[in-house]
Amino acid sequence: MRHRSLSLAGTVLAGLPASAMAGTVNIDIPHLTVAEYHRPYVAIWLEPTGGGEPRTVAVWYDAKHRGEPGTKWLSDLRGWWRVAGRNSATPPAAISGATRAPGHYAIPLPGDLKPGAYTLKVEAARETGGRELVSVPVTLPKQGGKAEGHGELGAVSVTLP
Amino acid sequence: MRFLNLALLATAAALALPNAASAHRAWIVPAATNFSDQDPWATFDAAISNDLFFADHFPMQLAQIKVTAPDGSAGTIEHGATGRYRSTFDVHLTQEGTWRIGTESTNVMGSFKVNGVEKRVGRGRGGPPPGMMPGGAPRPAGEGRGPGGEGRGPGAPGGEGGRPNIESVELSAIPADATDLKLTEAISRNEVFVTRGKPTETFFKPTGKGLEFAPLTHPDDLVQDQPAKFRFLLDGKPAAGLKLTVIPGGKRYRDAEGGFEAVTDKDGVAVIKWPQPGLFWFTTSTTDNHPATPRATERRLSYTGTVEVMAP
């Protein structure tokens, strides 16, 4: 299970404009040397530290899976599914996307987040592979943070402008 | 079903009741409890055994199991099959929300005397209760008992195993001049809940009758590091002091059973701390003197369930 971040795979910034001002979530999906590799399902969300509704930032899954709908395995992201995913019938298109290849990704935080303490959570689940949840405490708009995954995820950080 | 013999059915019925002298447990185990699919199927095993969830004794009878959709309508068991040790079946979760899959039975058993002669009612340790014998299948030769030697044959007149020869009659057949009535009304439920999408509370709204599971923590919202609050009501009021027995599955791979107890507080709430993720079986029962059955003297109520606890 050697893994390394493929920063060479490029940095993808989606939807740059105003929202980028709120900050950026950086995640590494590690390259794994395994016989059967499938891109992981990934959910990125924020939980207000003082309680309140979680806010999904992004969910990457196989929406166009042939045969059974790719939503079948959303519940493998069990942490996200429990607190946020199952509250809507299918992930809203605005926050969902296809699964990603190993690499570094930068995802803008929503521009309308209220200041305050949050836990950023990144969860990855991979077919025939493992599942991992990485948490990063942050305080918007000033205090970012970082943490390291050990299997399904690499470095996870929140950088603020 | 045709192949099942009376002894097996009677035993299955008897064992579905807790407080039976044995540790046999009835269980319905889902492969998973939460579904994100747009067209999900839940699949189950159901059996009666000592160790959880090791199917090595008797299958639960599919005819006993009812499926209820989130909107309260009846669901269906599909792809049902009953093997020597367990039944398996699927439920097509055609609606969003929480589904209930379970059994509910009311049996009256006990004894009375007529002119000093003792007679029995209901199955007791005797014959099966009404409705437990679809088709009245004949008893195949040589299949009188399970390998475990249960010694619980259908207590037809004639008895067996050296037991006294006591006649067993229907409840309705108790004569007016009967004396020494000792009749127990036993109401037991055994349920499991599975959820497609967002959990719903349809099945946890109290009806005010009998022993009810009215959890404060939804049974499809269980995580190992978060204690669950399971509330029980008796005739609509908090069932205080109720003892819950909770047993993790996987006994086959441990030395000890690993079960533990939780007791309900004045609000009828038991707090359950999960020692590990996985499947858990729980049961509770209580007895009082408020049976609904005329001439019954005691009411025994039990609730049994299986839940899935996720890793954090």
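None of these values were measured; they are calculated from a predicted model. (Residues numbered from 1 in each chain as written. Chains lettered and ligands numbered in written order. Predicted model: local features only at pLDDT ≥ 70, side-chain atom pairs only at ≥ 80, totals over all residues. Heavy atoms only, no water.)

A. Up close: the pattern of salt bridges. Here the structure, examined in full by the defined rule, presents 15 salt bridges over all chains. With a shortest N-O distance of 2.9 Å, aspartate 221 of chain B and arginine 86 of chain A are connected by a salt bridge. Of this pair, aspartate 221 of chain B sits in the loop between strand S12 (211-213) and strand S13 (228-234) while arginine 86 of chain A sits in the loop between helix H1 (78-83) and strand S7 (96-97), on two different chains. Of the charged contacts, one joins glutamate 257 of chain B and arginine 25 of chain B as a salt bridge, the two residues approaching to 2.7 Å between their closest N and O atoms. Of this pair, glutamate 257 of chain B sits in the loop between strand S15 (243-248) and strand S16 (260-263) while arginine 25 of chain B sits in strand S1 (residues 25-30), placing them 232 residues apart in sequence. By relative accessible area, glutamate 257 of chain B is classed as partly exposed at 28%. Judged by relative accessible area, which is 13%, arginine 25 of chain B ranks as buried. Beyond isolated ion pairs, a larger network of salt bridges with shared partners links Arg82 and Arg86 of chain A together with Asp221 of chain B. (Salt bridge = Lys/Arg side-chain N within 4 Å of Asp/Glu carboxyl O. Helix = DSSP H or I, 4+ residues; strand = E, 2+ residues; numbered from the N terminus. Buried < 20%, exposed > 50% of the residue type's maximum accessible area, 1.4 Å probe, protein only.)

B. Examining the interface of chain B and chain A more closely. Facing 16 residues of chain B, the contacting portion of chain A comprises 15 residues. Where chain B abuts chain A, roughly 1300 Å² becomes buried across the two surfaces, and 44% of that area is made up of carbon and sulfur atoms. Summed over the three residues of chain B that lose the most area to chain A, namely Ser36, Asp37 and Gln38 of chain B, the buried surface amounts to 40% of that side. Taken together, chain B and chain A are joined by two salt bridges. Across the pair arginine 82 of chain A and aspartate 221 of chain B runs a salt bridge, and its minimum N-O distance is 2.4 Å. The interface formed by chain B and chain A contains 14 residue pairs in polar contact (both at pLDDT 80 or more). The residue inventory of the side of chain B that touches chain A, partitioned by class, reads six nonpolar, five polar and five charged. (Contact = heavy atoms within 4.5 Å. Buried area = accessible area lost by both parts, 1.4 Å probe. Polar contact = N/O pair within 3.5 Å; in protein donor to acceptor, adjacent residues only side chain to side chain. Nonpolar A, V, L, I, M, F, W, Y, C, P; charged D, E, K, R; others polar.)

C. Structural view of the pairing of S13 of chain B. Residue and element names in this part refer to chain B. The sheet contact formed by S12 and S13 spans three bridges and is antiparallel. Each bridged residue has a counterpart across the sheet, and for glutamate 212 the counterpart in S13 is leucine 233. Where S13 meets strand S17 (residues 269-272), four bridges bridge the pair, whose relative direction is antiparallel. Considered in S17, the bridge of alanine 228 is made with isoleucine 272. Sheet analysis places S13 next to strand S14 (residues 237-238), joined by two bridges and oriented antiparallel. In the strand pairing of S14, leucine 234 is matched with lysine 237. Hairpin connection, S13 to S14: the antiparallel pair is bridged by two residues, and aspartate 235 has positive phi, about 50°. (Pairing = 2+ DSSP bridges.)

D. Molecular detail of the sheet that holds strand S10 (residues 131-140) of chain A. Residues and elements named next belong to chain A. Ordered in space as S7-S6-S5-S9-S10, the five strands form an open sheet in which the pairing is mixed. A single partner strand is all that each edge strand has here, and the edge strands are S7 and S10. The sheet contact formed by strand S9 (residues 116-125) and S10 spans 10 bridges and is antiparallel. Note that in S10 the partner of alanine 125 across the bridge is arginine 131.

E. Examining the pairing of strand S7 (residues 87-92) of chain B more closely. Residues and elements named next belong to chain B. The element S7 is extensively covered by neighbouring structure, given that five of its six residues are classed as buried. One ladder, built from six bridges, connects strand S3 (residues 41-49) with S7; its direction is antiparallel. Of the residues in S7, the one forming a bridge with alanine 46 is serine 87. Pairing of strand S6 (residues 78-82) with S7 involves three bridges; the strand directions are antiparallel. Looking at S7, one finds that glutamate 78 is bridged to aspartate 90. Where S6 hands over to S7, the hairpin turn is made up of four residues, counted between the paired strands.

F. The nonpolar core, seen in detail. Among the nonpolar cores identified, the biggest contains 26 residues, and Ile27, Ile44, Trp60, Ile107, Leu109 and Leu120 of chain A are the most heavily contacted of them. For this core, the secondary structure elements donating two or more residues are strand S3 (24-29), strand S5 (41-48), strand S6 (55-60), strand S8 (103-108), S9, S10 and strand S12 (155-159) of chain A. When neighbours within four sequence positions are excluded, tryptophan 60 of chain A is seen to be in contact with Ile27, Ile29, Pro40, Tyr41, Val42, Ile44, Gly97, Ala98, Thr99, Arg100, Tyr105 and Ile107 of chain A. Within the second largest apolar cluster, 23 residues are counted, among which are Phe193, Phe213, Leu244 and Ala262 of chain B. (Core = buried A, V, L, I, M, F, W, Y, C linked by side-chain atoms within 4.5 Å.)

G. Spotlight on the side chain of arginine 86 of chain A. For arginine 86 of chain A, a relative accessible area of 5% corresponds to the buried category. Among residues more than four places away in sequence, those in contact with arginine 86 of chain A are Trp81 of chain A together with Asn34, Gly197, Lys198, Pro199, Asp220 and Asp221 of chain B.

H. Representation of the packing of aromatic side chains in the model. Residues and elements named next belong to chain B. Enumeration according to the criterion identifies 18 aromatic pairs over all chains in this entry. Centre to centre, the rings of tryptophan 27 and phenylalanine 53 are 5.5 Å apart; their planes meet at 80°, and the pair counts as edge-to-face. Here phenylalanine 53 lies in the loop between S3 and strand S4 (58-59) and tryptophan 27 lies in strand S1, a separation of 26 residues in the sequence. No difference in accessibility class separates tryptophan 27 from phenylalanine 53, as the two residues are buried. Pairing phenylalanine 230 with tryptophan 274 gives two aromatic rings, centres 6.2 Å apart and planes at 65°, and the pair type is edge-to-face. (Phe/Tyr/Trp six-rings, centres within 6.5 Å; stacked < 30°, edge-to-face > 60°.)

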